[in-house]
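Overview (structure and organization)
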Amino acid sequence: MGEKRIIDLTQTIGNHMPGVSIESAKTVADDGWNATTLHLYSHSGTHMDAPIHFETSEQTIDELPVSHFISEAWVVDITSISPSEEIKVSHLGDVAHSFRKGESILLHSGWSKRAGTDSYRNSLPRISKELALWLGNNGVNILGVEPPSVADVNNIEEVTEIHTILFKNKVIIIEGLTNLEALSKPKVTLIALPLKVAKGDGAPARVIAVETEN
């Protein structure tokens, strides 16, 4: 067994994010300990979607099988992608031929560097219908992307269609990844653990990649 390198792919949740409010609830001075109250939009920062998010099925975030949260994942470099461009099967390159059912795919677009800007949400590169069908037909376990959505959030027909295709094919969706440029291997062990929210349509997740040095 080689040495392992662990890389955090998770955004830090803070008050700077839409839908997030972190307030002091207790202090050492007044109460004997520090604690905060968290108000979190269910799709804040790095997060995992559940099928009920688009009512593809009634499955909620707490009902997703934990066995799917750890998998081998291919890292695909698509940093040459343009704003609002559709991501197609051709962008996968050799991974499209090497992929095996049950593995996952991480799309490294570099888009996380735009977090906090208008283009991060409104000009994001999008999963094409062609690619969504390919991911479903080939048994992808987890699809991880850097933008806050896999589709154009300003186009309800598109965002519904892409999510529906993926959910119907049991592809787990993780959005809002960051730090993919720190990955040095073409394949990693991906660990993605969402908060176990009862009846949740999605939840913030801690996502890490493990690289094994030969």
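Use the structure listed above.
Summarised in this report is the structure supplied together with it. Predicted model, so just to flag it, every value in this text is computed and none were measured. (Residues numbered from 1 in each chain as written. Predicted model: local features only at pLDDT ≥ 70, side-chain atom pairs only at ≥ 80, totals over all residues. Heavy atoms only, no water.)

Before going further, it helps to spend a moment on empty space enclosed by the protein. Counted under the stated rule, the structure contains 1 cavity of 30 Å³ or more. The computed volume of the largest cavity comes to approximately 40 Å³. In terms of lining residues, the largest cavity is bounded by Ile78, Ile87, Leu107, Ser109, Pro125, Ile127, Val145, Glu146, Pro147, Ser149 and Val150. Among the residues forming the lining of the largest cavity, the class breakdown is 8 nonpolar, 2 polar and 1 charged. (1 Å grid on protein atoms, 1.4 Å probe; cavity = no way out; pocket = protein on both sides within 12 Å on 5 of 7 lines; lining within 4 Å. Points joined across faces, edges and corners; volume = space filled by probe spheres on them. Nonpolar A, V, L, I, M, F, W, Y, C, P; charged D, E, K, R; others polar.)

Now for helix α4 (residues 129-137). Listing the buried residues of α4 in full gives Leu131, Ala132, Trp134, Leu135 and Gly136. Check the buried side of α4 and you find it contacts β6 (86-87), α2 (95-98), β7 (104-108), β8 (126-127), β9 (142-145) and α5 (156-168). Of the residues one or two after α4, Gly139 is the one with positive phi, at around 70 degrees. (Buried < 20%, exposed > 50% of the residue type's maximum accessible area, 1.4 Å probe, protein only. Helix = DSSP H or I, 4+ residues; strand = E, 2+ residues; numbered from the N terminus. Contact = heavy atoms within 4.5 Å.)

A few words on the nonpolar core. Here is a general trend for soluble globular proteins: nonpolar side chains tend to be buried in one another's company. Within the largest apolar cluster, 28 residues are counted, with the highest numbers of intra-cluster contacts made by Ile105, Leu107, Ile127, Trp134, Leu143, Val150 and Leu166. Broken down by secondary-structure element, the contributors of at least two residues to this core are β5 (70-77), β7, α4, β9 and α5. Ranked by residue count, the leading element in this core is α5, at 5 residues. Residues in contact with Trp134, not counting those within four places in the same chain, are Val89, Leu92, Ala96, Phe99, Ile105 and Val140. (Core = buried A, V, L, I, M, F, W, Y, C linked by side-chain atoms within 4.5 Å.)

Mapped onto the fold, Ser112 is located in the loop between β7 and α3 (118-122). Within the structure, the side chain of Ser112 is placed 3.4 Å from the side chain of Thr178, a separation counted as a polar contact. The residues contacting Ser112, other than those within four sequence positions of it, are Tyr120, Glu146, Leu177, Thr178 and Asn179. (Polar contact = N/O pair within 3.5 Å; in protein donor to acceptor, adjacent residues only side chain to side chain.)

Here we take up α5. Compared with an ideal rise of 1.5 Å per residue, which puts 13 residues at 18 Å, α5 spans 18 Å between its outermost C-alpha atoms and is within 8% of the ideal. Taken as a whole, α5 has its buried residues at Glu158, Val159, Ile162, His163, Thr164, Ile165, Leu166 and Phe167. In this structure, the buried side of α5 is in contact with β4 (47-49), β8, α4, β9 and β10 (172-175). Regarding α5, its N-cap is Asn155, as a side-chain oxygen of that residue lies 3.2 Å from the backbone nitrogen of Glu157 further along. Looking one or two places after α5, you find Lys170, whose phi comes out positive at around 60 degrees. (Expected span 1.5 Å × (residues − 1).)

It is worth spelling out the pairing of β10 at this point. Regular strands show a simple pattern: their side chains alternate between the two faces of the sheet. Alternating positions in β10 separate into two faces, Ile172 and Ile174 on one and Ile173 and Glu175 on the other, with burial throughout. Relative to β10, β4 is paired through 2 bridges, and the arrangement is antiparallel. Residue pairing for β10: His47 is matched across the bridge by Glu175. As judged from the 3 bridges shared by β9 and β10, these two strands associate in the parallel manner. Looking at β10, one finds that Leu143 is bridged to Ile173. (Pairing = 2+ DSSP bridges.)

For the rest of this paragraph, the subject is a nonpolar patch on the surface. A contiguous nonpolar surface patch, about 320 Å² in accessible area, is contributed by Leu38, Leu40, Leu195 and Val197. Positionally, Leu38 belongs in strand β3 (residues 35-40). (Patch = residues over 30% accessible without salt bridge, like charges linked within 9 Å, V, L, I, M, F, W, Y side chains within 5 Å. Areas by Shrake-Rupley, 256 points an atom, 1.4 Å probe, with all protein chains shown as cover. Salt bridge = Lys/Arg side-chain N within 4 Å of Asp/Glu carboxyl O.)

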